[in-house]
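Chain by chain, the residues:
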Amino acid sequence: MAKQSKRYKIPEEYKEGEDAGLNRHWRERFLDYLAESSNVTKSAERARINPSRAYKLRRDDPEFARAWLAALYEGYLHLELEVLRRLRDGDQQTSGKDKYDFANAIRLLAAHRDNAARAQAEQRNVSAADVRASIDRKVEAIRQQVREEKARAVASGQLAR
């Protein structure tokens, strides 16, 4: 038997701008794109819902709130892996040939480490403090790798001091 999700009354102001025939799978689309982008507004657009609907459901439904947190953690891991891949490959440019912004990527990782720690702790059943310490070590390792890449670039004459 299929699991029935709870019904939550969504006030009209949270439905502004939505299609009349809202697809019942919006939650999955929203969470999938949230994991991909870590952007609530764009995820809501992709799911064709008002962001307020998602926030309301997150407040009212603990299961959806856990799934939201897990999606953000997945997005955090995507960013972390992207930064590491770029550093290892020496991939310093975006597809538009702009310089990849490692400093902002690291700032985002540091800013969201508490949410990531909470999600990881929930998944692994360990303390959030242990996970935060692990994340701090990873972010510092990435910072060190960026410094080393920059020093190599300066030494080889590819980058001015």
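Residues numbered from 1 in each chain as written. Predicted model: local features only at pLDDT ≥ 70, side-chain atom pairs only at ≥ 80, totals over all residues. Heavy atoms only, no water.

1. Overview of the pattern of salt bridges
In the structure shown here, the tally under the stated rule is nine salt bridges. The partner of Asp91 in a salt bridge is Arg86, and the shortest N-O contact between them spans 3.3 Å. For Arg86, a relative accessible area of 9% corresponds to the buried category. Residue Arg152 is joined to Glu149 by a salt bridge in which the shortest nitrogen-to-oxygen separation is 2.7 Å. Note that Arg152 and Glu149 are positioned in helix 7 (residues 128–155) at a spacing of three residues, about one turn of the helix. In this structure Arg152 comes out as partly exposed when scored by relative accessible area, which is 47%. Here Glu149 falls in the buried class, since its relative accessible area comes to 18%. (Salt bridge = Lys/Arg side-chain N within 4 Å of Asp/Glu carboxyl O. Buried < 20%, exposed > 50% of the residue type's maximum accessible area, 1.4 Å probe, protein only. Helix = DSSP H or I, 4+ residues; strand = E, 2+ residues; numbered from the N terminus.)

2. A word on helix 1 (residues 26–37)
Taking 1.5 Å per residue as the helical rise, helix 1 with its twelve residues ought to reach 16 Å, and the 16 Å between its terminal C-alpha atoms agrees with that figure. Every buried residue belonging to helix 1 is among Trp26, Phe30, Leu31, Tyr33, Leu34 and Ala35, and all of these are buried. Contacts made by the buried residues of helix 1 are with helix 2 (40–47), helix 3 (51–60) and helix 4 (62–89). (Expected span 1.5 Å × (residues − 1). Contact = heavy atoms within 4.5 Å.)

3. Focus: the nonpolar core
Grouped burial of nonpolar side chains is what soluble globular proteins tend to show. The biggest cluster of nonpolar side chains holds 19 residues, and the ones touching the most others in it are Tyr76, Val83, Ile135, Val139 and Ile142. Within the residue set of this core, elements represented by two or more residues are helix 4, helix 5 (102–111), helix 6 (113–124) and helix 7. Ranked by the residues each element gives to this core, the list is headed by helix 4, at six residues. Among the nonpolar cores identified, the runner-up in size contains 14 residues, and Trp26, Leu31, Ala35 and Ile49 belong to it. (Core = buried A, V, L, I, M, F, W, Y, C linked by side-chain atoms within 4.5 Å.)

4. Focus: the packing of aromatic side chains
Evaluated as defined, the whole model comprises seven aromatic pairs. When the centroid spacing of 6.0 Å and the interplanar angle of 85° are considered together, the rings of Phe64 and Trp68 count as edge-to-face. Of the two residues, Phe64 and Trp68 are both situated in helix 4; the distance of four residues between them amounts to about one turn of the helix. With 4.9 Å between their ring centres and 70° between their planes, Tyr100 and Phe102 make a pair best called edge-to-face. An aromatic cluster is present here, built from Trp26, Phe30, Tyr55, Phe64 and Trp68 joined pairwise through their rings. Positioned above the aromatic ring of Trp68 is the side chain of Arg58, whose terminal nitrogen or guanidinium carbon lies 4.4 Å from the ring centre. (Phe/Tyr/Trp six-rings, centres within 6.5 Å; stacked < 30°, edge-to-face > 60°. Lys NZ or Arg CZ within 6 Å of the ring centre and 35° of its normal.)

5. Describing the packing of helix 1 against helix 4
Angle between the axes and distance between the axes are the two parameters that describe a pair of packed helices. One can describe the packing of helix 1 onto helix 4 by two numbers: an axis separation of 7 Å at closest approach and a directional angle of 30°. Between helix 1 and helix 4, the interaxial angle falls into the category roughly parallel. Residue-level inspection shows Trp26, Arg27, Phe30, Leu31, Leu34 and Ala35 of helix 1 in contact with helix 4, the latter providing Phe64, Ala67, Trp68, Ala71, Leu72, Glu74, Gly75 and His78. Residue classes in the contact of helix 1 with helix 4 are distributed as ten nonpolar, two polar and two charged. (Axes fitted to C-alpha atoms, helices over the stretch in contact; angles between N-to-C directions. Parallel < 35°, antiparallel > 145°, perpendicular 65-115°, else oblique. Nonpolar A, V, L, I, M, F, W, Y, C, P; charged D, E, K, R; others polar.)

6. A few points about the packing of helix 4 against helix 7
Their axes nearest at 10 Å, the elements helix 4 and helix 7 cross at an angle of 25°. As the angle between them shows, helix 4 and helix 7 are arranged roughly parallel. Judged by the sense of rotation from one axis to the other, the crossing of helix 4 with helix 7 is left-handed. Residue-level inspection shows Tyr76, Glu80, Val83, Leu84, Leu87 and Arg88 of helix 4 in contact with helix 7, the latter providing Ile135, Lys138, Val139, Ile142, Gln145, Val146 and Glu149. Here the residues of the contact of helix 4 with helix 7 are counted per class, giving eight nonpolar, one polar and four charged. (Left-handed = near helix turned anticlockwise from the far one by under 90°.)

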